[in-house]
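Residue strings, one per chain:
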Amino acid sequence: MRHRRLLAAGAVGTVVVAAALGISSAAGAAPSASAPRASAPRDEGAPDSLRALAAKIGLRIGTAVIPFDLNTPAYRDIVADQFSVVTPGNEMKWQVVEPTRGTYDWSGGDRLVKFAEEHGQLVRGHTLLWHNQLPAWLTTGVANGTISDTELRALLHKHVIDEVTHFKGKIWQWDVANEFFTDSNPSGINPNDFWVSHLGAGIIAEAFRWAHQADPHALLFYNDYNIAGEDGTNAKSDAVYAWLRQMLAEGVPINGVGDQGHLDTQYGFPTQMTQDLRRYASLGLKVAITEADVRTFVNNPTAQVPTDHLATFAQPYEFSQMLKACLAVRQCISFTVWGFGDADSWIPGFFTGEGYATIYDVNLQPKPAYFDLQQDLQLAAYGAPHRVHTDQH
Ligand code: XIL
């Protein structure tokens, strides 16, 4: 039997991280760092939990969550004990929140927000403007011409305003726009993107303005994959960096940039990650790793045993390197994994033959990647000791 569920929903935030890091916000119109406003986080985790260790340096460790799986004790306990920020894997996407035109279903997002409030966690909202997981009524209407571009723009405006308003005050970071850049070299905003082709590239900035209007305190993020050198050429990072600089110069309220962090052991670890994160931060932006996982080839999608023995070393190594890239940049305020157990990961369903992508195994036992992240955070939390001096060379 193939045990695999789909990742889903979640959301809120606090002042603590941004304030602790003393980071100023980006654009003029951008919110102050005094974002979410949840009650002071209770330290739910044991002293050696990921969340407790990360808290010592003001970093939030996050995971994508399937909100309705929070009723399963083994799953719920790990979310509560190990993580200090949660994201709904699917439940804040348009397809889920408005399955029928004019009828909202906030149940998954609300469930996760409540859980977060009860466990001293913040929420990353994901995602408002994306070409994927749109409601069928919308894409069908556009395709058959019953929804004009003018109406499409009005529908998007309503969607952004209504969703951000529904969760107002409960979201720490919103992924306002997701995956707009091409994978080509040079890269740029994809002219064939659903939204761009109908409404023009300016619609992205509009979405940020609308989101800011609806919740002026939420930190607004641009989110994408392969934007920290994973493409090998750095072309995508160059394009996103140039675009962000332009948006900020125009006063668009963008506060942060998220690198999804979907890595694959067959490509090796991207060497530019720290520099790329630092370059975004130099614009005055926060940065985050938003969907970290490291996939590799496996025997089958159920057991997910790596077929190459070396992958069992490469997988935790790449997780560790990715966390270290974040740790090296003060403006990196959260590190989120895209689900924590291999049985729940989206990878086997989307990348044929691959799996083993998360930090817990199919039985929810911690893998080497978990212990590597824990050790990295331990060293970061307490400060690695200075080296001893020696006269020998
Ligand atoms: C994935 C979810 O995990 C799956 O459950 C869903 O079927 C498809 O989407 N980049 C993103 C995420 O920004 O929203 C995607 O999540 C994974 C890739």
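Coordinates for the structure precede this section.
The following paragraphs examine the structure supplied in this document. Just so it is clear, the model here is predicted, and its values are computed rather than measured. (Residues numbered from 1 in each chain as written. Predicted model: local features only at pLDDT ≥ 70, side-chain atom pairs only at ≥ 80, totals over all residues. Heavy atoms only, no water.)

Here Lys367 shows up in the loop between β10 (354-355) and α14 (368-382). For Lys367, a relative accessible area of 4% corresponds to the buried category. Residue contacts for Lys367: discarding those within four places in its chain leaves Gln315, Asp342, Tyr356, Ala357, Thr358, Ile359, Tyr360 and Asp361. (Helix = DSSP H or I, 4+ residues; strand = E, 2+ residues; numbered from the N terminus. Buried < 20%, exposed > 50% of the residue type's maximum accessible area, 1.4 Å probe, protein only. Contact = heavy atoms within 4.5 Å.)

Glancing now at the pattern of salt bridges. The final tally for this structure, using the stated rule, is 16 salt bridges. Residues Glu151 and Arg101 are paired through a salt bridge, measuring 2.8 Å at the closest nitrogen-oxygen approach. Placement of the pair is Glu151 in helix α7 (residues 149-166) and Arg101 in the loop between α4 (94-97) and α5 (107-118), with a sequence separation of 50 residues. Across the salt bridge formed by Asp224 and Lys236, the nearest N and O atoms sit 3.4 Å from each other. Taken together, the residues Asp224 in strand β5 (residues 219-224) and Lys236 in helix α10 (residues 235-249) connect sequence positions twelve residues apart. The buried category is assigned to Asp224, whose relative accessible area is 0%. Put simply, Arg153, Glu206 and Arg209 are held in one network by salt bridges that share partners. (Salt bridge = Lys/Arg side-chain N within 4 Å of Asp/Glu carboxyl O.)

Taken as a whole, the largest pocket encloses approximately 720 Å³ of empty space. Considering the residues around the largest pocket, the lining is formed by 32 residues, among which Tyr225, Gln260, His262, Trp346 and Phe351 are closest to the centre. Those elements giving two or more residues to the lining of the largest pocket turn out to be β7 (262-264) and β8 (286-297). Take the lining of the largest pocket: its biggest share by element is three residues, from β7. Taken together, the residues of the lining of the largest pocket sort by class into twelve nonpolar, 14 polar and six charged. (1 Å grid on protein atoms, 1.4 Å probe; cavity = no way out; pocket = protein on both sides within 12 Å on 5 of 7 lines; lining within 4 Å. Points joined across faces, edges and corners; volume = space filled by probe spheres on them. Nonpolar A, V, L, I, M, F, W, Y, C, P; charged D, E, K, R; others polar.)

Following the criterion strictly, the structure yields one disulfide and no others. Between the sulfur of Cys326 and that of Cys332 lies a disulfide, 2.1 Å long from S to S. Every disulfide takes its handedness from the sign of the S-S torsion; for Cys326 and Cys332 that torsion is -100°, giving left-handed. Cys332 carries the same exposure label as Cys326, and that label is buried. (Disulfide = S-S within 2.5 Å.)

Bringing the packing of aromatic side chains into the picture now. Enumeration according to the criterion identifies 16 aromatic pairs in this entry. Ring centres of Trp94 and Trp137 lie 6.2 Å apart, and the angle between their planes is 80°; this geometry places the pair in the edge-to-face category. Separated by 43 residues along the polypeptide, Trp94 in helix α4 and Trp137 in helix α6 (residues 136-143) bring together distant segments of the chain. For Trp94, a relative accessible area of 3% translates into the label buried. Here Trp346 and Phe350 contribute two aromatic rings whose centre-to-centre distance is 5.1 Å and whose plane-to-plane angle is 50°, an arrangement assigned as tilted. (Phe/Tyr/Trp six-rings, centres within 6.5 Å; stacked < 30°, edge-to-face > 60°.)

A few words on the packing of helix α11 (residues 273-281) against helix α12 (residues 311-327). Where α11 contacts α12, the two axes come as close as 9 Å, and the packing angle between them is 30°. The handedness of the crossing between α11 and α12 comes out as right-handed. Two secondary-structure elements touch here, α11 through Met273, Thr274 and Leu277 and α12 through Met322, Ala325 and Cys326. Classifying every residue of the contact of α11 with α12 by side-chain character gives five nonpolar, one polar and no charged. (Axes fitted to C-alpha atoms, helices over the stretch in contact; angles between N-to-C directions. Left-handed = near helix turned anticlockwise from the far one by under 90°.)

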